[in-house]
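Summary of the model geometry
So you can see what is in the structure, the chains are spelled out below.
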2 protein chains.
Amino acid sequence: MPFERLSERKKLILRAIIDDYIHSAEPVGSRSISKRHELSLSSATIRNEMADLEEMGYLEQPHTSAGRVPSDKGYRFYVDQLMEPRIPSTEEMESIRNALEGTISELSQFIRNASNVVSKVTRYTSLASAPLSKKKSLKTVQVVYIDSGKALVVGITNTGMVKNVLVKVSNILTPDMLLRVSNFLNEHLSGRTLDRIDFDLLKKSGDAIGLDYNLITPIIKGVTDCINLADDSEVFFDGATNIFNYPEFSDTVRAKEFLSMLDEKEVIQKILFSDDSNRPINIKIGRENEFEEVKDCTVVLTSYRIGNSIKGTFGIIGPTRMEYSKVISSIHYIRKKLDQEIRKLIGDIVDEE
Amino acid sequence: MPFERLSERKKLILRAIIDDYIHSAEPVGSRSISKRHELSLSSATIRNEMADLEEMGYLEQPHTSAGRVPSDKGYRFYVDQLMEPRIPSTEEMESIRNALEGTISELSQFIRNASNVVSKVTRYTSLASAPLSKKKSLKTVQVVYIDSGKALVVGITNTGMVKNVLVKVSNILTPDMLLRVSNFLNEHLSGRTLDRIDFDLLKKSGDAIGLDYNLITPIIKGVTDCINLADDSEVFFDGATNIFNYPEFSDTVRAKEFLSMLDEKEVIQKILFSDDSNRPINIKIGRENEFEEVKDCTVVLTSYRIGNSIKGTFGIIGPTRMEYSKVISSIHYIRKKLDQEIRKLIGDIVDEE
DNA sequence: TATTAGCACTCTGTTGTATTGAGTGCTAAT
DNA sequence: ATTAGCACTCAATACAACAGAGTGCTAATA
């Protein structure tokens, strides 16, 4: 992004405008800047500067006799060079710690919690994906006896994701036999990446453990189902109704658009997986997002890694007019806490590739 | 609900009004009824009848010079005695079958799918709870080796719900030892109802399998976590944005109220668990719901049972001005299909207690 | 030369007023 | 018992007037 050289004064004015606009959501005029901020410049001077800033693309004017509104470029400059960094308030930090520390021990639930507290603290909508691995492999398969004729196939991937499938099996299969099947499957499957499992071969070799082909088939089917489930990447969001706090979504059409977008799992996936940078926090403002759907939203993402191949992403989405410094400080803190907690829980977290 | 005796003519008029209103969402006037429906009565006559119906509580008037709008009582009468039953269109049936038949073999995912198709077909918001048992017991516990120092505790309840918890364990625990722990735990836990497990005793008897107290403790902790997770009843919804299709939610305040309500798990629980009747389909119109939050919504619920103690509920929520006949026919059909599919999958579905 | 006061102009949003039209209730005629 | 007719009510719409916030430009000022 090519930023032309801005005079100190222009920077100050731009920052004042954006600060104001972030809090008021109203186009800001020259007079209010000249009064509220101690620049000791007249409104006329400010006006001239504003006209310049508009010409350079940092500001926009909804209509001739209105004040100015920051453009995507304006926000970008603000985020990169103007805004004051902050640290979260003590209440914020406390509620984050409360949500993340101690109690939770199930990973995906843990991420859900993180997602929840992110949306609570920032008052925007949070997005998150469950920990996800590029090369997903099967760690263990368990076949569990449930009832006569019913069994549960439980598959566990190297990412710690657990999927389970209920299957109907022959009545003659006893818990013991299922255990044998379990062991057999484990022997043949565990450690394999999901796409390199030869199920046909597997079925045929069933009689290796003295069980008929037909007895095993539904179980194998269960395993494949399990794998298919595990392949779906889980994404979720929280605090969707937060958008009603912001006037840019005050008409139902816009609100509906936003909420409908969230209903599409694929869109959330696209957004989350677009966090390809190596920066700890990745901010995409308005049209910087490659998706039409979020053209006037800002997305703030962060990713964590567990070991080498497991990756999870979470963050927030809101209007481009966003409290950047607040959001960034919160996300930073949450990321740090999350990191600590996961490390406590299972160790081995790596930040960058 | 005390219904006074209504003349045939009053019934016809009431039905005409409600039919109209359901489709137009506008207060209906006497003239439009006298014209559109072949009652061959003048608007003046209709007016008199309408005044009567209002006095009896079946209709309401937003303001003096407006048409009439059905009251909760009016809708109730309509549902019980007036509306024409229908069968779902072939397209509807097809999409329902497509969504439910065959592919899915994991129960909670299956219910999710059902919930999804309900909201798609009815165009209202669907609610659902995962299969839930009054007396929940632990079917099996598995402790799975993940990595050195990491294990996964997987608990399976009699309802087929699977919960898992990642735990950090001592490095010296081998997969084999974990298997021994698994077996030990199973022996002592399986079949017990969740509230009748003595964990202290359990820990002490750890050395029965030659393992130190301290090695087992984190695993026991994992099991209790697991149980706590399983105790939470899962509820979810789908198609929340459908409410934007209905003018009664066209202002953001109302829409926000509705969506915020859905964000509260407890509210959904309350709604779903209020399906205590034995009827196959349970309809609660407006203030018939005991919760203030849904005082101008209608909830249509249905429950299915698996075996004797497992119960799940799903249904839809929408404005009281609802296409009752369409919704009811759809839910009937979905319920039937769901029933068939679960039976195919695991058998033993019982409709009533 | 940079700043600012001053002014004409633009555009939105609000307020007040008139009008329209759908609908009602009542009365008297059929 | 039904209906035509009429006066009345009320919300919604349209329109004009006006206020106010803001701009750009010009000329005066430091």
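In this report, we go over the structure that sits alongside the text. Computed from a predicted structure; not experimentally measured.

With respect to the overall build of chain A
Counting secondary structure elements, chain A contains 12 helices and 12 strands. Evaluated residue by residue, chain A yields a buried proportion of 56% over its 353 residues. Contacts in chain A between residues far apart in sequence, at least 24 positions, make up 62% of those at least 6 positions apart. Accessible surface for chain A amounts to roughly 15,800 Å². Of this, 48% is attributable to carbon and sulfur atoms.

Let's talk about the interface of chain B and chain A
Contact with chain B, which involves 43 residues of that partner, is made by 42 residues of chain A. Carbon and sulfur atoms supply 61% of the area buried between chain B and chain A, which totals about 3,500 Å² over both sides. Counting across the chain B and chain A interface gives 6 residue pairs in polar contact (both at pLDDT 80 or more). If you list the elements that add at least two residues to the side of chain B that touches chain A, you get helix 6 (107–122), strand 5 (138–147), strand 6 (150–157), strand 7 (162–168), helix 9 (213–231), helix 10 (252–263) and helix 12 (324–346) of chain B. Of the residues forming the side of chain B that touches chain A, the biggest block, 7 residues, is contributed by strand 5 of chain B. The residue makeup of the side of chain B that touches chain A, split by class, is 18 nonpolar, 12 polar and 13 charged.

Re the environment of G74 of chain A
Residue and element names in this part refer to chain A. Structurally, G74 can be placed in helix 4 (residues 72–82). Distance from G74 to L59, taken between C-alpha atoms, is 6.2 Å for residues 15 residues apart in sequence. With residues up to four places along the chain from it excluded, the contact list for G74 reads I18, G57 and Y58.

Details of the protein's contact with DNA strand C
Inspection of the region around DNA strand C gives 20 residues, with R9, T45, T64 and S65 of chain A together with S30 of chain B positioned closest. Atoms of DNA strand C within 4 Å of the protein: sugar and phosphate make up 76%, bases the balance. Within the side chain of T64 of chain A, one N or O atom sits 3.5 Å away from a sugar or linking oxygen of DNA strand C. Those elements giving two or more residues to the surface near DNA strand C turn out to be helix 3 (43–55) of chain A together with helix 3 (43–55) of chain B.

As for the nonpolar core
If you look at the biggest cluster of nonpolar residues, it comprises 169 residues, and the most contacted ones within it are Y324 of chain A together with Y324 of chain B. Excluding its chain neighbours within four sequence positions, the residues that come into contact with Y324 of chain A are I22, Y75, Y78, V79, M83, I283, I285 and T298 of chain A.

Here's the deal with the relation of the copies chain B and chain A
By a simple turn and slide, chain B fits onto chain A: the slide is 0.0 Å along the axis, the RMSD is 0.1 Å, and the turn is 180°. Expressed as an axis order, the relation between the two copies is that of a two-fold axis. Distance from the rotation axis, computed per C-alpha, reaches its smallest value in chain B at T252 of chain B: 3.0 Å. Residue by residue, 98% of the interface of chain B is reproduced at the interface of chain A, so both copies engage with the same surface.

Overview of the packing of aromatic side chains
Across all of its chains, the model carries 16 aromatic pairs over all chains by this definition. Ring plane angle 25° and centroid distance 6.2 Å describe the contact between F3 of chain B and Y58 of chain B, whose orientation is recorded as stacked. Remark: Y58 of chain B occurs in the loop between helix 3 and strand 1 (59–60) and F3 of chain B occurs in the segment before helix 1 (8–24); sequence separation between them is 55 residues. What makes F3 of chain B partly exposed here is its relative accessible area of 24%. Using a relative accessible area of 0% as the deciding quantity, one classes Y58 of chain B as buried. Ring geometry for Y304 of chain B against F314 of chain B: centres 6.3 Å apart, planes inclined by 40°, an arrangement best described as tilted. Linking Y304 of chain B in strand 10 (residues 297–306) with F314 of chain B in strand 11 (residues 310–319), this pair joins segments that are 10 residues apart in sequence. Here Y304 of chain B matches F314 of chain B in class, with each residue buried. Put simply, the rings of F3, Y58 and F77 of chain A touch in pairs and so form one group of aromatic residues.

Re the sheet that holds strand 6 (residues 150–157) of chain A
Residues and elements named next belong to chain A. Read from one edge of the open sheet, 3 strands run 5-6-7, paired in antiparallel fashion. Since the sheet does not close on itself, it has two edges, and those belong to strand 5 (138–147) and strand 7 (162–168), each with one partner. In this sheet, adjacent strand axes meet at a mean angle of 20° when their direction is disregarded. Along the sheet, helix 7 (residues 175–189) makes contact with strand 5 and strand 6, crossing strand 5 at roughly 170°.

Section: the pairing of strand 3 (residues 125–129) of chain A
Residue and element names in this part refer to chain A. Burial analysis of strand 3 places 5 of its 5 residues in the buried class, the great majority of the element. Residues of strand 3 alternate between two faces, with T125, L127 and S129 on one and S126 and A128 on the opposite face, all of them buried. Of the strand pairs in this sheet, strand 3 and strand 11 (residues 310–319) are connected by 4 bridges, and their pairing is antiparallel. Across the sheet, the residue bridging to S126 is I316, located in strand 11. Relative to strand 8 (residues 235–238), strand 3 runs antiparallel, the two sharing 4 bridges. Within the sheet, the bridge partner assigned to S126 lies in strand 8 and is D238.

Focus on the side chain of D20 of chain A
By the secondary structure assignment, D20 of chain A is in helix 1 (residues 8–24). Given the relative accessible area of 11%, D20 of chain A is considered buried.

The rules we used
Residues numbered from 1 in each chain as written. Chains lettered and ligands numbered in written order. Predicted model: local features only at pLDDT ≥ 70, side-chain atom pairs only at ≥ 80, totals over all residues. Heavy atoms only, no water. Helix = DSSP H or I, 4+ residues; strand = E, 2+ residues; numbered from the N terminus. Buried < 20%, exposed > 50% of the residue type's maximum accessible area, 1.4 Å probe, protein only. Contact = heavy atoms within 4.5 Å. Areas by Shrake-Rupley, 256 points an atom, 1.4 Å probe, with all protein chains shown as cover. Buried area = accessible area lost by both parts, 1.4 Å probe. Polar contact = N/O pair within 3.5 Å; in protein donor to acceptor, adjacent residues only side chain to side chain. Nonpolar A, V, L, I, M, F, W, Y, C, P; charged D, E, K, R; others polar. Near = heavy atom within 4 Å. Core = buried A, V, L, I, M, F, W, Y, C linked by side-chain atoms within 4.5 Å. Least-squares fit on C-alpha atoms with pLDDT ≥ 70 in both. Phe/Tyr/Trp six-rings, centres within 6.5 Å; stacked < 30°, edge-to-face > 60°. Pairing = 2+ DSSP bridges. Axes fitted to C-alpha atoms, helices over the stretch in contact; angles between N-to-C directions.

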